[in-house]
Amino acid sequence: MRTPGTTTRSGRPPLIDPLGREWVWDSGDLYTHCGMAVPADWVPQQNRPIGEKTLDNPNYDPCDICLAGRKRNVTPCKPEWNCSHVICARMHAANQRP
């Protein structure tokens, strides 16, 4: 795991927003965090936890800072769909019985 302030393989250091979230370079001018991507000059403006619609979207895997103590209301995909959502995998694993 990288620590804040270390340089990524791209040679570009991660950016830290006002909430302390680390944004890593993705491509071009985009930096990503928890599945979200914004231009580098937007990172300093990211001063709120993610919105409710993003929170409930299984395409995002929010960290504790992004969750901000809230619970997610995600309906998991069906197991036969073989989705790659982290939240769906956790929910299906919790519902499996030995």
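Residues numbered from 1 in each chain as written. Predicted model: local features only at pLDDT ≥ 70, side-chain atom pairs only at ≥ 80, totals over all residues. Heavy atoms only, no water.

Chemist: Break down the pairing of strand 4 (residues 36–39) for me, citing the residues and quoting the values.
Modeler: Residues of strand 4 alternate between two faces, with Met-36 and Val-38 buried on one and Ala-37 and Pro-39 left unburied on the opposite face. Across four bridges, strand 3 (residues 30–33) lies against strand 4 in antiparallel orientation. Counterpart to Leu-30 in the pairing with strand 4 is Pro-39. The hairpin formed by strand 3 and strand 4 contains two residues between the paired strands, and Cys-34 there has a positive phi angle of roughly 50 degrees. (Buried < 20%, exposed > 50% of the residue type's maximum accessible area, 1.4 Å probe, protein only. Helix = DSSP H or I, 4+ residues; strand = E, 2+ residues; numbered from the N terminus. Pairing = 2+ DSSP bridges.)

Chemist: Give me unusual backbone geometry: which residues, what numbers.
Modeler: One non-glycine residue, Cys-34, adopts positive backbone phi at about 50 degrees. Structurally, the position occupied by Cys-34 is in the loop between strand 3 and strand 4. For Cys-34, a relative accessible area of 19% translates into the label buried. At Ala-68, a position not held by glycine, the phi torsion is positive, near 50 degrees. When its relative accessible area of 42% is taken as the criterion, Ala-68 is described as partly exposed.

Chemist: Provide a residue-level description of the side chain of Arg-21, including the pertinent values.
Modeler: One can find Arg-21 in the loop between strand 1 (15–16) and strand 2 (22–27). By relative accessible area, Arg-21 is classed as buried at 2%. Of note is the side chain of Arg-21, whose polar atom sits 2.6 Å from the side chain of Asp-17. A polar side-chain atom of Arg-21 sits 3.2 Å from the main-chain carbonyl oxygen of Gln-46. The residues contacting Arg-21, other than those within four sequence positions of it, are Leu-15, Ile-16, His-33, Gln-46, Asn-47, Arg-48, Pro-49, Ile-50, Ile-65 and Cys-66. (Polar contact = N/O pair within 3.5 Å; in protein donor to acceptor, adjacent residues only side chain to side chain. Contact = heavy atoms within 4.5 Å.)

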